[in-house]
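Report on the structure
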Amino acid sequence: MMSRQSSAVLLPRGAPGSRWLGQPSGKMVMALGRERNLMQLAAKSKGKSVSCFGYPLSIFFIVINEFCERFSYYGMRAVLVLYFKYFLQWDDNLSTAIYHTFVALCYLTPILGALIADSWLGKFKTIVYLSVVYTIGQAVISVSSINDLTDHNHDGSPDNISVHIALSMIGLILIALGTGGIKPCVSAFGGDQFDDDQEKQRTKFFSIFYLSINAGSLLSTIITPILRAQECGIHSKQRCYPLAFGVPAALMAVALVVFIIGSGMYKKVKPQGNIMIQVSKCIAFAIKNRFRHRSKQYPKREHWLDWASEKYDKRLIAQIKMVLKVLFLYIPLPMFWALFDQQGSRWTLQATTMDGNFGAIQIQPDQMQTVNPILIVIMVPVVDTVVYPLIKKCKINFTPLRKITVGMFLASLAFIAAALVQVQIDKTLPVFPAAGQSQIKIINLGTANATVSFGSSIQNVTVMPRQSTGYMTYETSQLQSLNVTSGNKTVIVHDNLTEGNRHTLAVKSTVTGLDITLLPDNVTSKPEEGNNLIRFINNFPDAVNITMGDTFFGTVMPISASNYRLFPGGQKDNITVQSRTSQQVMLCSVTSKALGFGSAYTIVLNECSKDGLKVTYSEDIAPNTVHMAWQIPQYFILTCAEVVFSVTGLEFSYSQAPSNMKALLQAGWLLTVAVGNIIVLIVAGASKLSEQWAEYVLFAALLLAVCIIFAIMAYFYTYVDPNEIEAQLDEEEKKEVEKNQEDYEKQAEADSQM
C-alpha cells in the first residue's frame, strides 16, 4: 500500500538534535543505505560551489529529485496489486506473488547500484543512467495499462492480454533496476556537496532530505488511488490505470531533468572502490585457507576469519568479525518484513471487500496504506519522548535487541487482528450453490400473494405482493417441477435448473392468468472494487427502454429482465424509463437510492405515477458491511511494531558497525527486506490454505516462533563498542610500529658496529 516498510531517520551520531524523525522504514532503509561512507567523504573535485542561505545550491536540485522519485515509486506501487487483479485479471495469490517478487527485486538491486557507483561510474553518472532506465520502465508500465492498446473490437476488455502482461513485466524489471540502483547513491551524493566545515548544514540537509521522501511517498499514496478510480478510455470507459501510472512516470521524468539541470553545480567524487568487494575477498580467502590447512597438524586459530591473517591486516579482520556478528542476528529478521510488506498486497486486497464510505469522503482500498505513514509521524515522537522514558523510570533495561523482539511480537499480533477482521468479512460474503445444488429466489410482481410449492419434502414459500425472498438453496434434483399459486390460479412449472447456478422466479397474477418467468442470474461472485451490479425487471404491460445514469440497458419486454451492468459504488443515479404505445409516449424517472459497495440488486419497475417512477429493490448480493475503519487497529499495532523494530534495528546496526562498514550493514538490512518478500512467496505458495484468515494466522504463528528464536539469540549477544575496539587496534598498531622502529634502529646500530 505506501507499501510500506516504514522507518525513521538516523542523523549522524553526536549531531545537534540527533533524534529519530518518523517516516516509512523502507524509505529509511533506502536512505541510510545511500549514506554509506558519508562520514568519511573522499576528496571532492575542485571548484567553489554556489551557496544559498549557507547551503550549496546543488542540494536543492537533489531534494526536488528525491521528492519526485519517491512520488513516482510509491505512487506506482500503491495501485500495483489492484492493477494485477482487476486489469490483468490475475487471482489474489498470483497478484500477491508478483507484487512481492517485484518488491524483493527492488531491495536486491541496491547492491548492484553501490558496486557500479563505487567501482566504475561514480555516483552522478550512476544516478543519471539508472534514472533513464527507471523513467523508461515507468513509461512502459503506463502504456501496458492502456486498455485500448489491444481492444480492437471495442468491447471494453483487451483482446490480447499477453501483450499487456509482457509490457508490465518489462516495465517492472526496469523500475526495479532503476529504483534499486539509485537507492545507495542519492543521499550520499547530497552529502558530498558539503565541505568538511559544514557539518551542521549537512545534518539539516538530511532532515530536509528525509522530509522530501516522506512528502513524496505520502502524497502519491493518496493521489494515485484517486486517479485510478477515475474512468478513462477512447472506445470504452475503464478504471484509469494509465493515468495512475502515467503521473508517476511524469514525475520520474521531472526528477531526472531536475537532477541533470544541476549538473554544473555538483561536486563529483571519483569512484574509490567498494568495501563490500574487499570484505568478500577477505572472507573467501579465509575459507579457502582454512580448507587448505584442515589437517590436524596445523594448530587451530581462535576464529575462522583468523585464517585470512596471512594476506589481510588485523584491523580489517577484526572489523569483519564485528560485522558478521551483527549479520548473524539479521537471520531471523526477514520474517518481520514478510508480514510488514503485506500492507501493500493482502491488506489492500482485504480492503477491497470492505466499506470505504467515510461520510463525505470515499476511501479507495489502496488509500488505506496511508494510515501507516500518518501513524508513524505520530508514534515515533510519542514512543521516543513518552514511552521509552516511562520504561526507563520503571527501571526496566529495555535494550535494543529487546525492543526488536517486542516489535516482532507486535507484528504477529497485528496479523491476528487482520485475521479477526477477515473472519467478520467472510460472514458477509454471499454463499453460492455447490455442485449438485441450485439457488432460487422468488419475486412477486403482482398484487396478490404468491405461493410456491417445491414438493412434499420442502416447505411452501409465500411471497407478499411486490416483495421478494432471498436466495434459497436446494438440491437441483428437488426442483424439477414447481407449483405456483396466486389469485386462485395455479400453474405447474417444469424447468430443469442448471446446477451450481442462481435463478430468479418472477411471478405475476393477471386477469388472464399467471405470468411466470424463470430468469438465470449468471452472477458467480461478489462485485469487486466496491462496484455494484444492477439489472431491471420490467413490470409494465409494455416494452420499455431503460437508462440508469449514462448506461443504456436497452429495450426490456414485460416480465423480462435486463442483463446486469456494473456501476461504481456509493452513488445515486437517475433511472429513466421510456415506453411507446399507440396512444402516447410515456417518460418517467426516479433517483435511485445509494446502493452501497460491492452489492448486486434487481430493480423492479412497477408503474409511472404523478410522483414519478415507482420501483422496488431486491437485494441479490448484500453490500460490504464491514467498514474499512476496522483495519485501523491492525495498522496501529503494526506501526507500533515498526517503530520499535525498524528504528531500533537501524540504530543498533549503526552502533555496532565499524566506521568504514556501516554501509555494509545497511546493505545487509536491505537484504532482509528482500528475503522477507521472498518468504511471502514461499509461505503463501506452499500453504495452500483456502481461507485468508487462516493464512494470516499462519504468518502470525511463524513470526511468533521466529521471535522466540531471536530472543534466545539476543540473550547470548554481547554488545561491543566499535570505537573502543578500533582505538585498541590503533594502540596495538602504534606499539607495533614503535617496536619495529626499535628493531630497525638496533639492527642499524649493529650493522654500523660491524
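This report concerns the structure included in the present document. Predicted model only: the values in this text are computed from it and were never measured.

**A few points about helix α19 (residues 722-753)**
Between the first and last C-alpha of α19 there are 46 Å, a value that for 32 residues agrees with the 46 Å anticipated at 1.5 Å per step. Turning to α19, its buried residues number three or more, namely Pro722, Glu726 and Leu729. Here the buried face of α19 lies against α11 (314-330) and α16 (632-656).

**Quick word on α11**
Taking 1.5 Å per residue as the helical rise, α11 with its 17 residues ought to reach 24 Å, and the 25 Å between its terminal C-alpha atoms agrees with that figure. Between the side-chain oxygen at the start of α11 and the backbone nitrogen of arginine 315 there is a gap of 3.0 Å, and the oxygen is on aspartate 313.

**A closer look at the state of the cysteines**
Applying the stated criterion across every chain, the model contains two disulfides. Covalent S-S linkage joins cysteine 232 and cysteine 240, the inter-sulfur distance amounting to 2.1 Å. One quick way to see it: the torsion about the S-S bond of cysteine 232 and cysteine 240 is about 105°, and its sign makes the bridge right-handed. Regarding the disulfides, the protein carries the connectivity 1-2, 3-4 under sequence-order numbering of its bonded cysteines. Unpaired in this structure, cysteine 106 has its nearest cysteine sulfur neighbour in cysteine 185, at a distance of 15 Å.

**Concerning the layout of surface pockets**
There is about 1300 Å³ of room inside the largest pocket. As for the largest pocket, its lining consists of 38 residues, and the residues nearest its centre are Lys237, Gln238, Asn531, Leu566 and Phe567. Elements that contribute at least two residues to the lining of the largest pocket include exactly α3 (80-87), β6 (238-239), β19 (551-556) and β20 (565-567). Class assignment of the residues belonging to the lining of the largest pocket gives a composition of 13 nonpolar, 13 polar and twelve charged. Volume-wise, the second largest pocket comes out at about 750 Å³. Forming the walls of the second largest pocket are 28 residues, and the residues nearest its centre are Asp92, Thr353, Gln422, Asp426 and Leu429.

**A look at the packing of helix α5 (residues 123-144) against helix α6 (residues 161-182)**
Put simply, α5 and α6 touch, their axes get as near as 7 Å, and they point 155° apart. As the angle between them shows, α5 and α6 are arranged roughly antiparallel. In terms of crossing hand, the pair formed by α5 and α6 is left-handed. Residues belonging to the contact of α5 with α6 are distributed by class as follows: 14 nonpolar, eleven polar and no charged.

Rules behind the numbers
- Residues numbered from 1 in each chain as written.
- Predicted model: local features only at pLDDT ≥ 70, side-chain atom pairs only at ≥ 80, totals over all residues.
- Heavy atoms only, no water.
- Helix = DSSP H or I, 4+ residues; strand = E, 2+ residues; numbered from the N terminus.
- Expected span 1.5 Å × (residues − 1).
- Buried < 20%, exposed > 50% of the residue type's maximum accessible area, 1.4 Å probe, protein only.
- Contact = heavy atoms within 4.5 Å.
- Polar contact = N/O pair within 3.5 Å; in protein donor to acceptor, adjacent residues only side chain to side chain.
- Disulfide = S-S within 2.5 Å.
- 1 Å grid on protein atoms, 1.4 Å probe; cavity = no way out; pocket = protein on both sides within 12 Å on 5 of 7 lines; lining within 4 Å.
- Points joined across faces, edges and corners; volume = space filled by probe spheres on them.
- Nonpolar A, V, L, I, M, F, W, Y, C, P; charged D, E, K, R; others polar.
- Axes fitted to C-alpha atoms, helices over the stretch in contact; angles between N-to-C directions.
- Parallel < 35°, antiparallel > 145°, perpendicular 65-115°, else oblique.
- Left-handed = near helix turned anticlockwise from the far one by under 90°.

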